[in-house]
Amino acid sequence: IKKIGPGQFLVKKLSMFRLEIVPRNFAAGSLVKNYPYNLGDRLTPPLIHFHLKLGHDPILTDGLIANLGLASNEELSAMKQLAQKVNIVLSAFLKKRGIILADFKFETGNDSEGKLTVGDEISSDSGRFWDEKNLISHDKDIFRCQTGDVKKAYKKLLSKIKSG
Ligand code: UDP
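Structure report, in brief. Quick caveat: nothing in here was measured; it's all calculated off a predicted structure.

Reading the values: rules and limits
- Residues numbered from 1 in each chain as written.
- Predicted model: local features only at pLDDT ≥ 70, side-chain atom pairs only at ≥ 80, totals over all residues.
- Heavy atoms only, no water.
- Helix = DSSP H or I, 4+ residues; strand = E, 2+ residues; numbered from the N terminus.
- Buried < 20%, exposed > 50% of the residue type's maximum accessible area, 1.4 Å probe, protein only.
- Salt bridge = Lys/Arg side-chain N within 4 Å of Asp/Glu carboxyl O.

Cis geometry is found at the peptide bond from T44 to P45, where omega equals -5 degrees. Structurally, the position occupied by P45 is in strand β5 (residues 42-52). With a phi angle near 55 degrees, D57 is a residue other than glycine that sits in the positive phi range. Mapped onto the fold, D57 is located in the loop between β5 and β6 (59-60). We classify D57 as partly exposed; its relative accessible area is 29%. Phi is positive for L135, close to 60 degrees, though the residue is something other than glycine. When you line up the elements, L135 lands in the loop between β10 (127-131) and α4 (141-145).

Inspection of every chain in the model, using the stated rule, returns 10 salt bridges. Between D103 and R24 there is a salt bridge whose closest N-O contact spans 3.5 Å. Separated by 79 residues along the polypeptide, D103 in strand β7 (residues 99-104) and R24 in strand β4 (residues 19-26) bring together distant segments of the chain. By the burial criterion, D103 is buried, and R24 matches it.

Put into structure tokens, the structure is as follows:
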């Protein structure tokens, strides 16, 4: 809700789903590793994947989500709608600042009134943010691929976000 001090935030208590939601606008990471995509392929319409928060976070189908009792059909369709909305808003916000949102992960929960709500940070540790001019990463892929200074890149992303 708001920052109330150094490292302190006032937040809404949510009842969380054991799901990770991953909207993808461009192919990268496990999508390129496991499926016949090339890095950077545009995904139209965007893909929305669900992963189970367990072990190595396996990918889920709608059937598995229902069968495992992870969410009802109504909750699942609300999550898909929310994922589309967050993706559209965030992509547009970043595009204005010269950043391509390739993919990101977030989690959701219900508030005390049963309203589906984003309950997560969305950061360079949980998404892929590419410079629209040269496609350079401003995210954890820098660490994984050892392509630069992580702290410097995160700071650059922050300054781009603040510049808008
Ligand atoms: N992601 C995450 N936490 C996870 C799994 C994925 O934050 O437990 C994010 C990841 O940073 C990327 C997106 O979700 O932005 C898609 O991840 P992917 O399946 O490509 O896995 P990766 O290869 O990044 O591990």
